[in-house]
Every structure is written in structure tokens, then in C-alpha cells.
Amino acid sequence: MKKFWVIIVVLLASGFIFGGCGASQKTNYKSQSKKNALEYIENKYGFKPTVKSVKLQTYNGSPIPFGSSSETGYAYVMMEHENKTFYVFISGFSSDTDGVDNYQVDVIEDAIEKKLNEMVDNIIHIDYCIGTSKEDSSDPYYGMIPLKYDGNNLNEVLESAQLKRIVVSLAESDLSVLTEEMINEVFGSKTDIL
């Protein structure tokens, strides 16, 4: 019976040791992601936002639906600047400022709408799918783009996004005025406009 209790104590102790290592790594990922996101935003936009939260991206590689998930080392960092909440997706492995964010997604969508209104008449509705997520604009991670929009580089910004699809609903519009060259020049050659 004494041997049984020794085995239980050893198993519990090893669980605490290995569990503590995972918690420490998780804390390191969060801390590094926060630092990276702050530096990324300062470099890209020139301001220092407030960090609201850090959510580590997890991956469940198990074929069992209830298997444990592990951190990928990347994080979604929720930030705020001048009462505007936005997200940065960035690495927490090491010092790295290669990320994407959705700080300007509304400005980019406004620029797309303005350009489309200059090109065709009678636009009823526009649906956007830009960034890294196939979700709609209600997804908090929607509109993640690596390049800064400066007011003159819409085509480069859209080219830099993983997903870029624009669906335009029109009524009684003359589409013969649109050419593929015109669309590519304004929105980039890899943007799908339907």
C-alpha cells in the first residue's frame, strides 16, 4: 500500500512540474506577443496603443474531438487607440514585428466604396471579404492587413491581403465602362470583384 502512495505522489509531482512548464511558456508567448504588437503598431502607424488583452492562438492536432489543444506561439492582441478597438495578429516566439492588423479596415472599405462610386453608378450594396479571415465584418479578426493605407496605395494594400473579394450589387448600371486594366490599376490584379 505504501508503494501505491509513493507512485501517486511521484505522478502528482511530475504533473505539477510539467504543468508549470506549459504555464511558463504560455506567459512568455503572451508577454512577447504584447511587446511585438506594440512595436509593430508604433513602426506602422507611429502611435502607441493601449493593450487590452492577449489571446493565444491554439491548435488541436488530435483526431479526438476533445483532445487537448496547444499554443501555436502566435497571438491576437486586442488594442485600443483613441477609443477605437482593433486587433494585431503576431508571433510570440521571439522579437518579431511581422504581423497583420485591422486598425484601418473601415478606412480601406470607405476608400473601396469611393473608388467604385467613381467607376460605376447606382451601387445598391457592397460586400467585402478582405484580410486573413473569410468571416464577415462582425468577426473581431476581420480585415487583417499587413500594409498601411496612406490614401494613395489602395491597390498595394489589397494586394498584400490574403483574401480580397468585393461583391457589388448594382441596378441599371453600364458595366461596359469597366475594363480589366482599370479594375487592376485601382484594386490590384489579384482582387476578385464580382
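Counting restarts for each chain: residues are numbered from 1 in the order of the written sequence. With the structure being a predicted model, the display of local features is reserved for residues of pLDDT at least 70 and the display and counting of side-chain atom pairs for 80 or more, all residues being used for whole-chain, interface and lining totals. Processing note: side-chain calculations cover all non-hydrogen atoms of the structure and skip hydrogens and water entirely.

(A) Summary view of the nonpolar core. Counting residues in each nonpolar core, the largest one holds 21 residues, and the members touching the most others are I108, I112, L154 and F187. Going along the chain from the N terminus, every DSSP run of H or I of four or more residues is numbered as a helix, and every run of E of two or more is numbered as a strand. Here the element with the most residues in this core is helix α2 (residues 105-119); it accounts for 6 residues. Residues count as neighbours in contact if any of their non-hydrogen atoms are within 4.5 Å of one another. Sequence-distant contacts of L154, that is, excluding residues within four places in its chain, are made with I108, A111, I112, K115, Y149, V186 and F187. Core analysis: the second largest hydrophobic core is formed by 16 residues, A37, F47, A75 and I90 among them. Here, the term nonpolar core denotes a set of buried Ala, Val, Leu, Ile, Met, Phe, Trp, Tyr and Cys residues that are joined through side-chain atoms within 4.5 Å. The cut-offs for exposure are 20% and 50% of the maximum accessible area for each residue type, with area from a 1.4 Å probe on protein chains only; residues under the lower value are buried, those over the upper are exposed, and the others partly exposed.

(B) Layout of α2. With 15 residues, α2 extends 21 Å between its outermost C-alpha atoms, agreeing within 8% with the 21 Å of an ideal straight helix rising 1.5 Å per residue. Listed in full, the buried residues belonging to α2 are V105, I108, E109, A111, I112, L116 and M119. The buried side chains of α2 occupy one side of the element, clustering within an arc of 160 degrees when seen end-on. Of the exposed residues in α2, the ones pointing more than 90 degrees away from its buried face are D110, K114 and E118. Those residues of α2 hidden inside the fold are in contact with β5 (123-131), α3 (154-160), β6 (163-170) and α4 (180-187). One less than the residue count of a helix, multiplied by 1.5 Å, gives the span that helix is expected to have. Note: the arc covers the axis-to-C-beta directions of the helix.

(C) Inspection of the sheet that holds β5 at higher detail. Paired strands, in this sense, are two strands between which DSSP finds at least two bridges. Strand order in this open sheet of 3 strands is β5-β6-β7, and the pairing throughout is mixed. Each edge of the open sheet carries a strand with a single partner, namely β5 and β7 (192-193). Sheet topology places β6 next to β7; 2 bridges connect them, and they run parallel. The residue of β7 that forms the bridge with I166 is I193.

(D) Looking closely at the pairing of β6. Sheet topology places β5 next to β6; 8 bridges connect them, and they run antiparallel. Each residue of the ladder has a partner; that of I126, found in β6, is V168.

(E) Focus on the packing of aromatic side chains. Within 6.5 Å between ring centres, the rings of Phe, Tyr and Trp (the latter by its six-membered ring) count as paired, and their orientation is classed by plane angle as stacked under 30 degrees, edge-to-face over 60, tilted in between. Applying the stated criterion across every chain yields a total of 11 aromatic pairs. When the centroid spacing of 6.5 Å and the interplanar angle of 90 degrees are considered together, the rings of F47 and F86 count as edge-to-face. Of this pair, F47 sits in the loop between α1 (2-45) and β1 (50-59) while F86 sits in strand β3 (residues 84-91); the two residues are 39 residues apart in sequence, bridging distant segments of the chain. Residue classification places F47 among the buried positions, given a relative accessible area of 13%. Aromatic pair Y74 and F89: ring centres 5.6 Å apart, planes at 20 degrees, arrangement stacked. Here Y74 is found in strand β2 (residues 70-81), whereas its partner F89 is found in strand β3, with 15 residues between them in sequence. Taken together, the ring pairs connect Y29, Y74, Y76, Y87, F89, F93 and Y141 into an aromatic cluster.

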